[in-house]
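Structural overview
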Amino acid sequence: MAKVDVIMPQMGESIAEGTLTKWMKQVGDSVDRDEDLFEISTDKVDADIPSPVGGVLAEILVQEGETVEVNTVVARIETEAGAAAEAPAVEAPAPEPAVVEEPVAAPRATEPAVAPEPTAAPAREGDGAGLATREERLKTRSTPLVRKIAAEHGVDIAQVAGSGIGGRVTRDDVLSFLETREAGPAVTHVPVAAPGVAPETVPAPGAVPGVAGPPGVMRVPIHGATLDIRIPKVIVRENDRVEQMNRVRLRTMEHMLMSQSISAHVTSVTEIDFERVVQLRRSMKAAYAERGVRLTYGPFIMKAVVEGLREYPILNTSVDGTSIVYHGDINLGIAVAVEEGRELVVPVLKNADRLSLIGLAQGANELAEKARTKTLDFADIEGGTFTITNVGVFGNLFGTPIINQPQVAILGTGVIEKRPVVVTDDMGNDAIGIRHMSYFGLSYDHRIVDGAMAAFFLNKVQDVLENFPEESL
């Protein structure tokens, strides 16, 4: 007989440790190769770990609730002689993508949260109560980053309601506790903070990423340590010109930095054949001009976006704490460059879903003119639920715009230009053709919009533009 070491696997390049949350087997139990042996939990993922070999579980070296570094031996399996040489190293199973990308992994709902207490569980120090429960061990054996944040703020982890498996306290639980404590008297149970909580909502500088430390220093905790990142000082030389930011530039800076701090930005890009829209616009321009309306590609794009938002309303929402607000109206923000491109304003076309193509054209033209003449009022810029920004007007292929808070998505439209592409005729034959093409880039908040939903939305927009319906004219 031989014994094979079972190790704590690494669940990603940035993961240095894991918490063993549950044993599926006990000492003396037989186990098959690739049979689930134990559960682990990290700040990014929860997963079941399979046995590297078949045999009998001979030793358990790490108890439930303990946090250890990767590659630590957690158990030994007794197997037939020679099997050890054939046994592969324990590999972390590929977790489901939706779980890996979430800051806090969800507990398994198909199995009981509490397992039988192992007899080797250590006693809690100083309380005289004997063996600690599994939930208590999970609380006190959270990751070093969580313990460090708690220690810096004088927080007893036992006071914090944990949202992890068996009540394990996560980083978001501690941050939520701190936020609530700042707002009023300390409480034992608080709601779990939404992933992506803005750093400025957490008190005490130096505790969370992005909080300013001493002058010229940004204090950032990472991998259990606090790094003081020095902000480079700008040296003004003789031929340099210094100009103070105006009010619009300052507000833009504030809004963009706030958006990047709050939302988990991701951008998906698609390519769209504009040939049908080009032909329609060409045939309709004169009739629109007679009615005093300049017809651009914008109204066609807005119409397609409206249809996409109707079918996939998750992109016409806002995040309020841990709630998603689905907006009943579709109010399109339309980014307009003014002051020769030095400033950007975003007037809002209200109830765009109720407008015809000519209504969209008239509304967009009026707002753009008011923006350029600086006659917009507050009602013209508030209440947007989705934004469109046209980087193509300056000749750019596509962009990755920053979300206009409190919205959850923004569409960047690229230049519409002739390109050689593969086209297929009605007989299924392929040929090289010259078509008007454009790239669209959708930036979205990954807290609530996944890549698949973003792709579905872009596909809908593409389908409408490439097969623009007659009834929408």
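None of these values were measured; they are calculated from a predicted model.

A look at the overall build of the protein
Across its full length, the protein carries 11 helices and 22 strands. Looking at the protein as a whole, 42% of its 473 residues qualify as buried. Long-range pairs, those at least 24 residues apart, make up 61% of the contacts in the protein with a sequence separation of at least 6. Looking at the protein as shown, the accessible area adds up to about 24,600 Å², and 53% of this sits on carbon and sulfur atoms.

Looking at the sheet that holds strand S3 (residues 30-31)
The sheet built from 4 strands is open, its strands ordered S1-S8-S6-S3 with antiparallel pairing. Lying at the two open borders of the sheet, with one neighbouring strand each, are strand S1 (2-7) and S3. Taken together, the 6 bridges between S1 and strand S8 (residues 73-79) define a ladder with antiparallel strand orientation. Each bridged residue has a counterpart across the sheet, and for Lys3 the counterpart in S8 is Glu78.

Details of the packing of helix H8 (residues 298-311) against helix H9 (residues 357-372)
The axes of two packed helices give the description: the angle between them and the distance between them. Between H8 and H9, whose axes approach to 9 Å, the crossing angle comes to 115°. The hand of the H8/H9 crossing is right-handed. Residues Pro299, Phe300, Met302 and Lys303 of H8 lie in contact with H9, whose contacting residues are Leu357, Leu360, Ala361 and Ala364. In terms of residue class, the contact of H8 with H9 is built from 7 nonpolar, no polar and 1 charged.

Section: the packing of H8 against helix H11 (residues 451-466)
Running from amino to carboxyl end, H8 crosses H11 at an angle of 135°, the nearest separation of the two axes being 8 Å. As far as their axial angle goes, H11 and H8 are oblique. In the crossing of H8 with H11, the sense of the turn from one axis to the other is right-handed. Residue-level inspection shows Phe300, Ile301, Ala304, Val305, Glu307, Gly308, Leu309 and Glu311 of H8 in contact with H11, the latter providing Phe457, Lys460, Val461, Val464 and Leu465. Class assignment for the residues of the contact of H8 with H11 results in 9 nonpolar, 1 polar and 3 charged.

Observations regarding the nonpolar core
Core analysis: the largest hydrophobic core is formed by 47 residues, its most contacted members being Leu332, Phe386 and Leu442. Elements that contribute at least two residues to this core include exactly helix H7 (275-290), H8, strand S15 (332-334), H9, strand S19 (386-390), strand S20 (409-413), strand S22 (430-445) and H11. Per-element accounting of this core gives the leading share, 7 residues, to H8. Residues Met8, Val31, Leu37 and Leu57 belong to the second largest nonpolar core, which totals 18 residues.

Things to note about the packing of aromatic side chains
A full pass over the atoms with the stated rule returns 7 aromatic pairs. Summarising the aromatic geometry, the rings of Phe274 and Phe440 are spaced 5.9 Å apart at their centres and angled 55° between planes, so their arrangement reads as tilted. Remark: Phe440 occurs in strand S22 and Phe274 occurs in the loop between strand S12 (265-273) and H7; sequence separation between them is 166 residues. Summarising the aromatic geometry, the rings of Phe300 and Phe468 are spaced 5.1 Å apart at their centres and angled 70° between planes, so their arrangement reads as edge-to-face.

What counts, and at which threshold
- Residues numbered from 1 in each chain as written.
- Predicted model: local features only at pLDDT ≥ 70, side-chain atom pairs only at ≥ 80, totals over all residues.
- Heavy atoms only, no water.
- Helix = DSSP H or I, 4+ residues; strand = E, 2+ residues; numbered from the N terminus.
- Buried < 20%, exposed > 50% of the residue type's maximum accessible area, 1.4 Å probe, protein only.
- Contact = heavy atoms within 4.5 Å.
- Areas by Shrake-Rupley, 256 points an atom, 1.4 Å probe, with all protein chains shown as cover.
- Pairing = 2+ DSSP bridges.
- Axes fitted to C-alpha atoms, helices over the stretch in contact; angles between N-to-C directions.
- Left-handed = near helix turned anticlockwise from the far one by under 90°.
- Nonpolar A, V, L, I, M, F, W, Y, C, P; charged D, E, K, R; others polar.
- Parallel < 35°, antiparallel > 145°, perpendicular 65-115°, else oblique.
- Core = buried A, V, L, I, M, F, W, Y, C linked by side-chain atoms within 4.5 Å.
- Phe/Tyr/Trp six-rings, centres within 6.5 Å; stacked < 30°, edge-to-face > 60°.

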